[in-house]
Amino acid sequence: MTREDEQVTDRLKDALAGVVGPRNVLTAPDEQVPFVTDWRGAYSGRALAVVRPGSTDEVSRVVGLCAEAGVAVVPQGGNTGMCGGAVPDESGQAVVLSLSRMNRVLSVDPLNLTMTLQAGCVLQVAQQAALEAGRLFPLSLAAQGSCQIGGNISTNAGGINVLRYGNTRDLVLGLEVVLPDGRVWDGLRGLRKDNRGYDLKHLFIGAEGTLGIVTRAVLKLHPAAPSSATAFVGVADPAAAVRLLARLQGACGTHLSAFELIGRKCLDLVVRHRGERDPFEQRHAWYVLMQLAGGGEEATLREGLEQVLADALAAGDADDAIVAGTMAQADGLWRLRETIPEATVANGPAFRSDIAVATADVPAFIEAAAEELAARHPGAEMLCFGHLGDGNLHFNATSPPDGADWPRGVSEAVYPVVERFNGSFSAEHGVGQAKRAELVRYKSAIEIELMRTIKQALDPRGLMNPGKVL
Ligand code: FAD
């Protein structure tokens with residue numbers, strides 16, 4: 001860096017401190033550590049500064065100052081993303097803009113079924129605020145104690161309730177966004193119908209911070225579903241699991257809120273690394289965790305679930321079943337699913353994916369992908385689990401003994417199979433810096449061209465989260 005460059009960055013740091021206060025401009029490397037490395041330690045970089053604004057106006061002024069100085073901005077929420085999207089590159093030239101101080105629920109409107117909050121609000125805090133108003137904010141995922149609404153919106157997060165309530169995109173009614181030049185777009189409306197031209201909010205949902213910074217949001221709430229019934233079921237194979245899903249959808253309709261597939265090896269990992277207990281005496285090749293949720297009597301919901309499971313056991317679509325009798329038992333069954341990501345990390349290096357295919361194609365996909373994996377990487381063990389009800393699977397794999405050409409080699413075994421099934425190589429976690437090559441490889445030229453046109457229109461100087469997505 002030349003002397004002149006140094007003077008420019010020093011002036012920028014002073015100006016940023018003038019906007020957010022010196023305590024909220026972190027420049028010492030040890031203070032920056034949690035902001036420049038992702039939660040798995042898989043991605044790390046360096047930052048010119050980590051800046052923590054406290055309001056939309058401050059975000060706007062920070063982004064405006066960075067734009068003037070030609071400095072890139074990396075928006076960051078809870079930093080729980082899986083693709084390195086919130087981590088700066090190695091250059092040390094970008095500002096990380098953390099939304100963590102903008103963490104308030106601003107209002108809950110139980111009649112309009114909406115809530116308005118700042119983007120740095122932690123997901124669990126948002127869920128709790130909705131509950132206190134007798135309503136439900138249904139987005140739910142294992143990182144909910146740390147991830148933020150702005151991060152959920154920017155990754156279009158899915159989670160365990162997509163089957164019934166949709167992805168984050170389906171839960172956003174309005175947004176406020178600071179654009180790459182510092183201007184503020186106010187689209188903070190709680191309308192369910194609004195056809196005045198292009199629906200701009202959808203550009204920013206799932207954009208992974210490459211088009212602007214989400215600062216506030218109006219989210220859609222649902223009537224509370226205070227009753228639930230949860231079951232853990234052993235099944236012979238994914239085909240049986242899909243048949244069980246069809247049974248439940250037929251018998252329980254929209255009460256079915258979650259339907260998760262868990263491979264045997266994943267259950268072994270949570271038993272070994274998270275101290276959980278296998279709920280069955282017998283081992284099964286596959287498991288399904290399912291939940292019904294509704295407003296009626298809990299006992300009625302449970303009886304309905306027990307009846308469907310009894311029919312499934314009789315027909316051979318299920319081999320073993322436990323229906324939780326208490327909330328504590330239900331929580332225990334959910335832990336078997338929710339601790340899989342941590343147990344996988346504790347187990348050692350793993351290839352991770354979050355693919356989607358049509359739900360009916362899941363069994364054939366798993367068979368074909370497992371065959372490819374075994375043929376190309378003998379010794380690599382398949383770790384497969386995920387949101388079967390949405391056709392979204394984490395088709396993961398442990399490192400093969402020789403570790404050769406891995407994990408890129410595994411992605412080259414698995415993603416072409418996804419493509420054969422007309423699926424998605426990134427159904428939940430986004431692209432970030434992890435899957436840029438796949439984006440170009442698997443999306444059509446016209447899709448890439450349209451995405452680049454949008455990026456160029458909103459961020460012509462490429463200062464908003466560079467090196468991510470495109
Ligand atoms: P970050 O990781 O901080 O950022 C993610 C991306 O969004 C980055 O590109 C960042 O630049 C951008 N960004 C963040 N905030 C803003 C903002 N305000 N404005 C503009 N851009 C912004 N994901 C799922 O979808 N489903 C799951 O079931 C799921 N389970 C998980 C389980 C575990 C244990 C963990 C650790 C993660 C899981 N994830 C899951 C991934 C992750 O939690 C989600 O992607 C989450 O939405 C990220 O939120 P965050 O606040 O941590 O965002």
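Computed from a predicted structure; not experimentally measured. (Residues numbered from 1 in each chain as written. Predicted model: local features only at pLDDT ≥ 70, side-chain atom pairs only at ≥ 80, totals over all residues. Heavy atoms only, no water.)

*Asks:* Would you mind going over the overall build of the protein with me for this structure?
*Replies:* On a plain count of helices and strands, the protein comes out with 16 helices and 19 strands. Against the globule reference of 23 Å for 470 residues, the protein gives a C-alpha radius of gyration of 23 Å, in line with a compact fold. The proportion of buried residues among the 470 residues of the protein is 51%. Here the protein displays about 20,100 Å² of accessible surface, and carbon together with sulfur accounts for 50% of that area. Here the protein contributes 44 positively and 55 negatively charged side chains, and the mean placements of these two sets differ by 4 Å. (Helix = DSSP H or I, 4+ residues; strand = E, 2+ residues; numbered from the N terminus. Rg over C-alpha atoms; globule rule 2.2 N^0.38 Å. Buried < 20%, exposed > 50% of the residue type's maximum accessible area, 1.4 Å probe, protein only. Areas by Shrake-Rupley, 256 points an atom, 1.4 Å probe, with all protein chains shown as cover. Lys, Arg positive; Asp, Glu negative; His and termini not counted. Charge placed at Lys NZ, Arg CZ, Asp CG, Glu CD.)

*Asks:* Is there a simple way to explain the sheet that holds strand β4 (residues 95-98) in this structure?
*Replies:* Each strand in a sheet pairs with another by means of backbone hydrogen bonds, the pair being arranged parallel or else antiparallel. Spatial strand order, β1-β2-β4-β3: four strands in an open sheet with mixed pairing. Each edge of the open sheet is held by one strand with a lone partner, namely β1 (25-26) and β3 (73-76). When strand β2 (residues 49-51) meets β4, the two strands line up parallel, connected through three bridges. Counted as the bridge partner of Val51 is Leu97 from β4. (Pairing = 2+ DSSP bridges.)

*Asks:* It is not clear to me how unusual backbone geometry should be interpreted in this structure. Could you clarify?
*Replies:* The phi torsion of most residues other than glycine is negative, and most of the peptide bonds are trans. If you check the backbone angles, Glu208 has positive phi at about 55° while not being a glycine. Topologically, Glu208 is positioned in the loop between α7 (201-204) and β10 (213-220).

*Asks:* Before we go on, may I ask you to explain the side chain of Glu176 in this structure?
*Replies:* Its place among the elements puts Glu176 in strand β8 (residues 172-178). By relative accessible area, Glu176 is classed as buried at 4%. At 2.6 Å, the side chain of Glu176 forms a polar contact with the side chain of Thr56. A polar side-chain atom of Glu176 sits 2.7 Å from a polar atom in the side chain of Thr215. Not counting chain neighbours up to four residues away, the residues in contact with Glu176 comprise Thr56, Val184, Trp185, Gly187, Leu188, Ile213, Val214, Thr215 and Arg216. (Polar contact = N/O pair within 3.5 Å; in protein donor to acceptor, adjacent residues only side chain to side chain. Contact = heavy atoms within 4.5 Å.)

*Asks:* Sorry, what's going on with the environment of Leu458 here?
*Replies:* Mapped onto the fold, Leu458 is located in helix α16 (residues 445-458). When the C-alpha positions of Leu458 and Glu281 are compared, they lie 57 Å apart, and in sequence the two are 177 residues distant.

*Asks:* How do you make sense of helix α12 (residues 340-347) when you look at a structure like this?
*Replies:* Residues spaced three or four apart along an α-helix face the same direction, because each turn holds 3.6 residues. Of all the residues in α12, the buried ones are Ile340, Ala343 and Thr344. Angularly, the buried residues of α12 cover 105° about the axis, an arc narrow enough to put them on a single face. Considering only its buried residues, α12 is in contact with β13 (256-263), α9 (264-274), α11 (327-338), β16 (350-351) and β18 (382-387). Where α12 terminates, the next one or two residues include Gly348, which has phi positive at roughly 125°. (Arc of directions from axis to C-beta.)

*Asks:* Would you explain the site of the ligand in this entry?
*Replies:* Residues in contact with the ligand amount to 35 residues; listed here are only the nearest, Pro75, Gly77, Gly78, Thr80 and Gly81. The side chain of Ser154 places a nitrogen or oxygen atom 3.0 Å from a nitrogen atom of the ligand. Measuring from a nitrogen atom of the ligand, one finds a backbone N or O atom of Gly159 at 3.4 Å. Compared with its free state, where it exposes 970 Å², the ligand has 96% of that area covered by protein. Counting residues per element, the ones that place at least two in the shell around the ligand are β3, α5 (149-155) and β10. Tallying contributions element by element places α5 first for the shell around the ligand, with five residues. Across the shell around the ligand, the residue classes break down as 13 nonpolar, 20 polar and two charged. (Near = heavy atom within 4 Å. Nonpolar A, V, L, I, M, F, W, Y, C, P; charged D, E, K, R; others polar.)

*Asks:* What exactly am I supposed to notice about the packing of helix α13 (residues 362-376) against helix α14 (residues 408-420) here?
*Replies:* Packed helix pairs are characterised by how far apart their axes lie and by the angle those axes make with each other. α14 packs onto α13 with a crossing angle of 155° between their chain directions and a minimal axis gap of 9 Å. Comparing the axis directions of α13 and α14 gives the class roughly antiparallel. For the pair α13 and α14, the sense of crossing is right-handed. Two secondary-structure elements touch here, α13 through Phe365, Ala368, Ala369, Glu372, Leu373 and Arg376 and α14 through Val410, Glu412, Ala413, Val414, Val417, Val418 and Arg420. Looking at the contact of α13 with α14 residue by residue, the class counts come to nine nonpolar, no polar and four charged. (Axes fitted to C-alpha atoms, helices over the stretch in contact; angles between N-to-C directions. Parallel < 35°, antiparallel > 145°, perpendicular 65-115°, else oblique. Left-handed = near helix turned anticlockwise from the far one by under 90°.)

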